[in-house]
Amino acid sequence: MKTDLFAAPSDASMTVFEAIYSLRATRIYEDRPIPADVIHQIVQAGTMACSSGNTQPWEFVVVTERDLKERIKAHMVDAFSTIDAERAQKPEQLVDGVGRPITGHAAVEHLDTVPMMVVVCWNPERGVRMKGEYETNLDGTLRETRVIPGGRGVSLFQACQNMMLAGRALGVSSLFTTFFFLRNDEIKAILGIPPHIFMECAVFFGYGEEKLGKPRRKPLAEVAHINGWGNPYQITN
Ligand SMILES: Cc1cc2nc3c(=O)[nH]c(=O)nc-3n(C[C@H](O)[C@H](O)[C@H](O)COP(=O)(O)O)c2cc1C
């Protein structure tokens with residue numbers, strides 16, 4: 001593995017377009033570890049993302065220990081036991097094109113065998129950009145007092161996608177999740193995350209044990225507009 005941080009620190013041969021077009025949300029993984037140098041390349045790719053004002057407000061809690069995963073799983077199984085009653089989406093929206101559930105139940109059920117979870121947090125010590133953006137509560141947590149676009153998750157999700165594409169290029173599948181918010185305090189406590197740090201999302205990584213085809217996406221013409229809303233998208237020279 002190359003160590004020059006100004007060169008791509010990986011020998012992966014997959015092109016960026018191959019990685020983008022073949023990335024799938026994977027919820028069931030083989031119970032085998034990801035080699036340390038592969039983990040390192042994935043997390044390092046996260047640090048190369050863009051962020052508001054280059055604040056780089058991310059903190060990556062890399063979880064590989066079985067005991068931690070089992071404790072997190074116990075909370076998530078409990079949270080998911082009642083979650084379906086609260087969903088706003090219709091049942092037909094909760095499956096993918098081949099009828100596979102996208103609700104996270106499978107991910108939670110197999111959480112203890114996910115080889116690596118990267119819990120991605122926002123650190124206000126680097127992330128706050130404007131006066132009065134946050135105030136401190138009595139318990140040490142922060143509350144947003146001035147909404148400024150580009151905050152928190154907006155500066156973390158690019159890092160997540162970087163890690164997922166880096167993983168894909170290295171043969172490691174992934175799942176982006178936000179469902180830890182359902183047991184925010186408990187999971188922060190398990191991982192020792194301080195009160196003022198925001199836990200925003202978690203990305204699961206491992207060697208997939210699901211057979212997944214190509215991702216299904218809406219055709220570009222259905223979601224793109226040219227030079228103004230409603231103008232059918234077409235590009236000509
Ligand atoms: C903001 C966000 C939240 C998500 N939350 C969950 C989740 O709670 N559980 C889950 O299993 N997948 C979750 N996913 C993964 C999506 O279900 C997945 O990306 C989508 O179904 C497309 O999957 P595909 O790339 O395999 O086609 C989430 C993805 C995003 C971007």
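Every residue gets a number counted from 1 within its own chain, in the order that chain's sequence is written. Note on the predicted model: pLDDT of at least 70 is required for a residue's local features to be given, and 80 or more for side-chain atom pairs to be given and counted; whole-chain, interface and lining totals, by contrast, use all residues. Each side-chain value is worked out from all heavy atoms of the structure, with water and hydrogens disregarded.

1. Comments concerning the site of the ligand
For this purpose, a residue is taken to be near a molecule or strand whenever a single non-hydrogen atom of the residue falls within 4 Å of it. The environment of the ligand is made up of Leu23, Arg24, Ala25, Arg27, Arg100, Ile102, Gly104, Leu175, Phe176, Thr178, Phe179 and Arg217. Within the side chain of arginine 27, one N or O atom sits 2.5 Å away from an oxygen atom of the ligand. Any pair of N or O atoms that falls within 3.5 Å is considered a polar contact. Within protein, one atom must be able to donate a hydrogen and the other to accept it, and sequence-neighbouring residues count only if both atoms are side-chain atoms. Glycine 104 places a main-chain nitrogen or oxygen 3.4 Å from an oxygen atom of the ligand. Residues that form the shell around the ligand fall into these classes: six nonpolar, two polar and four charged. Note on residue classes: Ala, Val, Leu, Ile, Met, Phe, Trp, Tyr, Cys and Pro are nonpolar, Asp, Glu, Lys and Arg are charged, and everything else, Gly too, is polar.

2. Regarding the UniProt feature "domain: Nitroreductase" (unreviewed entry) in the protein chain
UniProt positions are given in the numbering used here, feature names are shortened, and annotations may be inferred rather than shown by experiment. When the UniProt feature table is mapped onto this chain numbering, "domain: Nitroreductase" (unreviewed entry) sits at residues 24-207. What you have in residues 24-207 is 30% helix and 18% strand, and the ends, taken at the C-alpha atoms, are 12 Å apart. Think of it this way: any DSSP run of H or I at least four residues long counts as a helix, any run of E at least two long counts as a strand, and we number them from the N terminus.

3. Quick notes on the packing of helix α3 (residues 66-80) against helix α7 (residues 184-191)
A pair of packed helices can be characterised by two numbers: the angle between their axes and the separation between those axes. Between α3 and α7, the least distance of the axes is 10 Å, while the angle of their chain directions is 170°. As judged from the angle between their axes, α3 and α7 are roughly antiparallel. From α3, Leu68, Arg71, Ile72, His75 and Met76 reach across to α7, where they touch Glu186, Ile187, Ile190 and Leu191. Taken together, the residues of the contact of α3 with α7 sort by class into six nonpolar, one polar and two charged. Axis definition: a line fitted to C-alpha atoms, over the contacting stretch in the case of helices. Angles run 0 to 180 degrees between N-to-C directions. We call two directions roughly parallel when the angle between them is under 35 degrees, roughly antiparallel when it is over 145, roughly perpendicular when it lies between 65 and 115, and oblique otherwise. We call two residues in contact whenever any of their non-hydrogen atoms come within 4.5 Å of each other.

4. Quick word on the packing of helix α2 (residues 36-46) against helix α6 (residues 157-169)
Axis separation between α2 and α6 bottoms out at 7 Å; the angle between their running directions is 150°. With respect to α6, the element α2 is oriented roughly antiparallel. In this structure, α2 crosses over α6, and the sense of that crossing is right-handed. On α6, the residues touching Gln41, Ile42, Val43, Ala45 and Gly46 of α2 are Ala159, Asn162, Met163, Ala166 and Gly167. In the contact of α2 with α6, the residues fall into six nonpolar, four polar and no charged. Handedness of each helix crossing follows the sense of rotation of the near helix against the far helix: counterclockwise by less than a right angle gives left-handed, clockwise gives right-handed.

5. What about the sheet that holds strand β5 (residues 173-177)?
On the basis of which strands lie adjacent, the open sheet formed by four strands has the order β1-β2-β6-β5 and antiparallel pairing. Whereas interior strands pair on both sides, the edge strands pair on one side only; in this sheet they are β1 (58-63) and β5. Shown here is a sheet whose adjacent strand axes are inclined to one another by a mean of 20°, direction ignored. Direction of pairing for β1 relative to strand β2 (residues 116-122): antiparallel, over a ladder of six bridges. Note that in β2 the partner of phenylalanine 60 across the bridge is valine 120. Strands β1, β2 and β6 (198-206) of the sheet are contacted by α7, whose axis makes an angle of about 70° with β6. In this scheme, strands are said to pair when DSSP sees at least two bridges between them.

6. What to know about the nonpolar core
Side-chain atoms within 4.5 Å link the members of a nonpolar core, which is a set of buried Ala, Val, Leu, Ile, Met, Phe, Trp, Tyr and Cys residues. The cut-offs for exposure are 20% and 50% of the maximum accessible area for each residue type, with area from a 1.4 Å probe on protein chains only; residues under the lower value are buried, those over the upper are exposed, and the others partly exposed. Ile34, Phe60, Val118, Val120 and Phe205 are the most contacted members of the largest nonpolar core, which totals 28 residues. Where this core is concerned, the elements lending two or more residues are α2, β1, β2, α6 and β6. It is α6 that provides the largest number of residues to this core, a total of five residues. Counting residues in each nonpolar core, the second largest holds 26 residues, with Tyr29, Ile72, Val108 and Leu175 among its members.

7. A closer look at the pattern of salt bridges
Opposite charge on two side chains allows them to pair when their charged atoms are near. Salt bridge, as applied in this entry: a Lys or Arg side-chain nitrogen positioned within 4 Å of an Asp or Glu carboxyl oxygen. On inspection of all chains with the given rule, the structure shows ten salt bridges. Across the pair glutamate 70 and arginine 66 runs a salt bridge whose closest N-O atoms are separated by 3.5 Å. Highlighted residues: glutamate 70 and arginine 66, both in helix α3, separated by four residues, approximately one helical turn. With a closest N to O distance of 2.9 Å, arginine 183 and aspartate 78 form a salt bridge. With arginine 183 in the loop between β5 and α7 and aspartate 78 in helix α3, this pair connects stretches of sequence that are 105 residues apart.

8. Considering a nonpolar patch on the surface
Taken together, the side chains of Val16, Phe17, Ile20 and Tyr21 define a hydrophobic patch exposed on the protein surface, amounting to about 460 Å² of accessible area. Residue placement: phenylalanine 17 occurs in helix α1 (residues 16-22). In this structure phenylalanine 17 comes out as exposed when scored by relative accessible area, which is 57%. Note that patches include only residues with greater than 30% relative accessible area and no salt bridge, and the join distances are 9 Å for like charges and 5 Å for nonpolar side chains (Val, Leu, Ile, Met, Phe, Trp, Tyr). Residue burial considers only the protein chains on display, and all accessible areas are found by Shrake-Rupley using a 1.4 Å probe.

9. Thoughts on the packing of aromatic side chains
Two rings from Phe, Tyr or Trp (for Trp, the six-membered ring) form a pair when their centres are within 6.5 Å of each other. A pair whose planes differ by under 30 degrees is stacked, one over 60 is edge-to-face, and the rest are tilted. Per the counting criterion, the structure on display carries ten aromatic pairs. An aromatic cluster is present here, built from Phe80, Phe179, Phe180 and Phe204 joined pairwise through their rings. Charge-over-ring placement is defined geometrically: NZ (Lys) or CZ (Arg) within 6 Å of the ring centre, and within 35 degrees of the ring normal. Over the ring of tyrosine 207 we find arginine 32; its NZ or CZ atom is 4.0 Å from the centre of that ring.

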